[in-house]
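Structural features, examined
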Amino acid sequence: MVAVGYTPSFPKNPTILNPTPPCSRLLERFTSRFGSRLAFHGGGGTVVVTDRKIMEWLKRVGSRRGGGCFKERSMRGVEIETDSGGEDVLDASAAQGKVSPEHLVVMVNGLVGSSADWRYAAEQFVKRLPDKVIVHRSECNFSKLTFDGVDLMGERLAQEVLAVIRRRPEVRKISFVAHSLGGLVARYAVARLYEHPPKLNIASLSGSSIGEDLVNSVQYLGQPNDARIGGLEPMNFITFATPHLGSKGHKQLPFLCGLPFLERRASQTAHLLVGRTGKHLFLTDSDGGKPPLLLQMVNDSDELRFISALRAFKRRVAYANANYDHMVGWRTSSIRRQQELPKANLLATDQKYPHIIHVEREISEKNYEKVSAVVGDKETDLEEEMIKGLTQVPWERIDVSFQQSTQRYIAHSTIQVKTYWLNSDGADVVFHMIDNFLL
């Protein structure tokens with residue numbers, strides 16, 4: 001490398017840029033091989049490359065690939081703080097310590113996603129509720145890590161949330177907002193984080209890092225005798241286009257067009273494409289001879305209290321695309337049977353939220369009796385069991401349609417405004433969530 005007459009100049013007070021996890025590892029590998037200071041000599045002078053120049057180069061490379069390795073302030077009045085476990089989005093006044101928001105909102109991405117998927121929604125949260133919320137965009141399950149399975153991803157998310165709670169001792173409440181597969185991951189994580197103080201057995205938890213974190217949490221020790229998630233008061237549990245019933249049923253993976261032979265083939269081969277996650281979504285897993293994980297997750301077990309954790313939240317909300325979502329079917333995302341889906345004559349538009357076509361207030365199954373997890377081979381048996389289990393607790397169903405939108409064919413991403421310039425028609429859905437958010 002030849003640099004002619006080049007003299008590097010550096011600011012006296014450089015800005016510290018924090019890399020996100022994948023870029024931290026890339027930087028470590030780079031510097032371990034080449035050193036933190038590199039010198040290239042040429043005929044006209046010497047170029048010295050320092051840690052900061054390496055980081056700036058990585059930032060440019062990351063930005064060209066979409067999302068970027070380093071995050072900075074994204075809009076006026078909003079600060080983004082990055083650490084090894086994701087990104088905290090908060091109002092500038094909160095970042096400076098002038099106000100102390102007490103409500104932590106954890107946002108979880110879906111399959112092959114990243115924290116960047118929730119950038120727009122997180123900024124709107126902080127813009128509209130600047131002194132109320134801190135939004136954490138989870139980063140622990142990004143890209144191919146989403147192939148590891150719902151359980152492993154849930155464990156990682158639980159650990160990440162506890163790290164945020166330790167770093168933010170001022171928070172007292174917690175909510176989860178998740179897209180697609182992230183909703184299943186969040187359901188697993190809250191079961192791991194769930195604890196009811198009167199039933200707390202410190203001895204039994206002492207062997208696990210999560211248990212120790214819960215017991216040692218400052219917030220946990222001062223809470224009243226109500227169920228807690230990570231030691232905090234659970235408020236909202238919200239999912240967007242999440243396959244709560246899996247992807248195995250008829251038309252639950254819409255791009256297969258409901259063709260039986262394609263649906264059978266997808267069930268048999270999903271694990272080849274997306275690993276253990278594929279097995280979980282198509283209910284073909286049987287680890288240790290146990291029932292499929294998604295079937296286990298509709299009831300409490302001795303180890304994980306899946307339904308008790310959901311019941312602890314003040315609200316449970318399922319936003320579902322009624323059409324044009326080619327990845328997640330309407331039934332599975334709204335936790336309904338086919339005959340329970342709203343009829344066309346019941347669908348109406350709201351001028352304030354033009355893509356919200358139907359709102360169903362909290363409804364739960366009455367007199368539910370737990371059925372043995374050993375059920376028949378029929379898909380309808382599995383689906384019915386999951387519906388009965390999940391509706392032990394009431395859910396709000398919010399049905400969404402982008403039928404009149406030019407962005408309708410990417411409804412799965414538009415519902416969360418994954419990328420604003422491409423999915424901006426979903427902004428009213430995000431505003432609907434924020435306007436109805438329980439603080």
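Since the model is a prediction, treat every value here as computed from it, not as a measurement.

Concerning the overall build of the chain
- Looking only at helices and strands, the chain features 17 helices and 13 strands.
- Taking all 439 residues of the chain together, 52% fall into the buried category.
- Of the roughly 20500 Å² that the chain leaves accessible, carbon and sulfur atoms contribute 52%.

What to know about a nonpolar patch on the surface
- Nonpolar side chains collect at one region of the surface, where Ile-410, Trp-421 and Leu-422 lie side by side and expose about 340 Å² of accessible area between them.
- The residue Ile-410 is located in the loop between strand S13 (395-400) and helix H15 (411-414) in this model.
- Owing to a relative accessible area of 34%, Ile-410 belongs among the partly exposed residues under this scheme.

So, the packing of aromatic side chains
- For the coordinates displayed, the defined rule picks out 10 aromatic pairs.
- Look at Phe-176 and Phe-313: their rings are 6.2 Å apart centre to centre, the planes differ by 80°, and that puts the pair in the edge-to-face class. Of the two residues, Phe-176 is situated in strand S7 (residues 173-179) and Phe-313 in the loop between helix H12 (306-312) and strand S11 (315-321); the sequence distance between them amounts to 137 residues.
- Among the aromatic residues, those joined into a cluster by ring pairs are Trp-118, Phe-240 and Tyr-319.

Concerning the pairing of S11
- With seven of seven residues buried, S11 lies mostly within the body of the structure.
- Residues Arg-315, Val-317, Tyr-319 and Asn-321 line one face of S11 and the alternating positions Arg-316, Ala-318 and Ala-320 line the opposite face, and both faces are buried.
- Note: strand S10 (residues 233-240) against S11, five bridges, orientation parallel. Residue Thr-239 lies in a different strand from S11, and its bridge partner there is Ala-318.
- One ladder, built from five bridges, connects S11 with S13; its direction is parallel. Among the inter-strand pairings, Asn-321 is bridged to a residue of S13, identified as Val-400.

Focus on helix H6 (residues 181-193)
- Taking 1.5 Å of rise per residue, 13 residues should cover 18 Å, and H6 covers 19 Å from first to last C-alpha, within 8% of that figure.
- Burial runs high along H6: 12 of the 13 residues are buried.

Looking at the packing of helix H4 (residues 119-128) against helix H17 (residues 427-435)
- Close contact between H4 and H17 brings their axes to 10 Å; oriented N to C, the two are set at 45°. In terms of orientation, H4 lies oblique with respect to H17. Seen along the crossing, H4 lies across H17 with a hand that is right-handed. On H17, the residues that touch Tyr-120, Ala-121, Gln-124, Phe-125 and Arg-128 of H4 are Ala-427, Val-430, Phe-431, Met-433, Ile-434 and Asp-435.
- Looking at the contact of H4 with H17, its residues break down into eight nonpolar, one polar and two charged.

Quick look at the nonpolar core
- In this structure, Leu-157, Phe-176 and Ile-229 are the most contacted members of the largest nonpolar core, which totals 57 residues.
- When contributions to this core are tallied by element, the ones reaching two or more residues are strand S5 (103-108), helix H5 (150-167), S7, H6, helix H11 (293-296), H12 and helix H14 (379-390).
- It is H6 that provides the largest number of residues to this core, a total of nine residues.
- Discounting chain neighbours no more than four positions away, the residues touching Phe-176 are Val-106, Leu-157, Val-161, Ala-186, Val-190, Leu-193, Ile-229, Asn-236, Phe-237, Ile-238 and Phe-313.
- Met-107, Val-135, Val-400 and Ile-434 belong to the second largest nonpolar core, which has 34 residues in total.

With respect to the environment of His-355
- Within the secondary structure, His-355 is located in the loop between helix H13 (330-334) and strand S12 (356-363).
- Distance in space between the C-alpha atoms of His-355 and Gln-403 is 8.6 Å, their sequence separation being 48 residues.
- Non-local contacts of His-355, meaning those with residues more than four positions away in its chain, are made with Asp-399, Val-400, Ser-401, Phe-402, Ser-405, Asp-425, Asp-428 and Val-429.
- A polar contact of 3.1 Å, which involves the side chain of His-355, links it to the backbone oxygen of Asp-425.

Considering the confidence of the model for the chain
- On average, residues of the chain score 78 in pLDDT, and 67% of them are at 70 or above.
- Low pLDDT, under 50, characterises residues 218-224; the predicted model gives this stretch 19 contacts beyond four residues in sequence or across chains.

What to know about H5
- Taking 1.5 Å per residue as the helical rise, H5 with its 18 residues ought to reach 26 Å, and the 26 Å between its terminal C-alpha atoms agrees with that figure.
- Within H5, burial applies to Val-150, Asp-151, Met-153, Gly-154, Leu-157, Ala-158, Glu-160, Val-161, Leu-162, Val-164 and Ile-165.

Here's the deal with the pattern of salt bridges
- Within this structure, the stated rule accounts for 21 salt bridges.
- For the salt bridge of Arg-168 with Glu-81, the shortest nitrogen-to-oxygen distance reads 2.7 Å. Here Arg-168, found in the loop between H5 and S7, pairs with Glu-81, found in strand S3 (residues 78-83); they are 87 residues apart in sequence, far enough to count as distant.
- The exposure class of Arg-168 is buried, given its relative accessible area of 10%.
- A relative accessible area of 33% places Glu-81 in the partly exposed class.
- Where Arg-336 meets Glu-360, a salt bridge forms, and the shortest distance between an N and an O atom there is 3.5 Å. With Arg-336 in the loop between H13 and S12 and Glu-360 in strand S12, this residue pair connects regions lying 24 residues apart in the sequence.
- One salt-bridge network, in which partners are shared between bridges, spans Glu-81, Asp-88, Arg-167 and Arg-168.

Some points on the side chain of Ser-138
- Here Ser-138 lies in strand S6 (residues 133-138).
- When near neighbours in sequence (up to four residues on either side) are disregarded, Ser-138 contacts Met-107, Asn-109, Ser-114, Ser-115, Leu-157 and Glu-160.

Considering the pairing of strand S4 (residues 86-91)
- Of all six residues that make up S4, six are buried, and the element is covered over most of its length.
- Judged from the six bridges that link them, S3 and S4 form a sheet pairing that is antiparallel. In the sheet register, Val-78 faces S4, and the bridge partner there is Asp-91.
- Of the pairings in the sheet, the one linking S4 to S6 comprises four bridges and is antiparallel in character. Across the sheet, the residue bridging to Gly-86 is Ser-138, located in S6.

Definitions and limits used
- Within each chain, residues carry numbers counting from 1 in the order of the written sequence.
- With the structure being a predicted model, the display of local features is reserved for residues of pLDDT at least 70 and the display and counting of side-chain atom pairs for 80 or more, all residues being used for whole-chain, interface and lining totals.
- To obtain the side-chain values, all non-hydrogen atoms of the structure were used and water was disregarded.
- The helix and strand labels rest on DSSP assignments: H or I over at least four residues marks a helix, E over at least two residues marks a strand, and numbering proceeds from the N terminus.
- Summary of the burial criterion: residues with accessible area below 20% of their type's maximum are buried, those above 50% are exposed, and those between are partly exposed, where the area comes from a 1.4 Å probe applied to protein chains only.
- Residue exposure ignores everything except the shown protein chains as possible cover, and the areas themselves are Shrake-Rupley values with a 1.4 Å probe.
- Two joining distances apply to patches: 9 Å for like charges and 5 Å for nonpolar side chains (Val, Leu, Ile, Met, Phe, Trp, Tyr), and every residue must have over 30% relative accessible area and no salt bridge.
- The term salt bridge refers to a side-chain nitrogen of Lys or Arg lying within 4 Å of a carboxyl oxygen of Asp or Glu.
- Side-chain rings of Phe, Tyr and Trp, where Trp is taken by its six-membered ring, are said to pair if the distance between their centres is within 6.5 Å; with planes under 30 degrees apart they count as stacked, over 60 as edge-to-face, and otherwise as tilted.
- In short, DSSP must find at least two bridges between two strands for them to pair.
- Helix span is expected to be 1.5 Å times the residue number reduced by one.
- Lines are fitted to the C-alpha atoms to define the axes, a helix being fitted only along its stretch in contact, and any angle between axes, read from their N-to-C directions, falls within 0 to 180 degrees.
- By definition in this entry, angles of less than 35 degrees are roughly parallel, angles greater than 145 are roughly antiparallel, angles of 65 to 115 are roughly perpendicular, and the rest are oblique.
- Helix crossings are classified by the rotation of the near helix relative to the far one: an anticlockwise turn of less than a right angle makes the crossing left-handed, while a clockwise turn makes it right-handed.
- In this analysis, two residues are considered to be in contact whenever any of their non-hydrogen atoms come within 4.5 Å of each other.
- Gly falls in the polar group here, along with every residue not listed as nonpolar (Ala, Val, Leu, Ile, Met, Phe, Trp, Tyr, Cys, Pro) or charged (Asp, Glu, Lys, Arg).
- Here the nonpolar core consists of buried residues drawn from Ala, Val, Leu, Ile, Met, Phe, Trp, Tyr and Cys, with membership extended through side-chain atoms lying within 4.5 Å.
- Polar contact is the term for a pair of N or O atoms within 3.5 Å; when the atoms are in protein, one must be able to donate a hydrogen and the other to accept it, and sequence-neighboring residues count only if both atoms are side-chain atoms.
- The quantity known as pLDDT measures the predictor's confidence residue by residue, on a range of 0 to 100.

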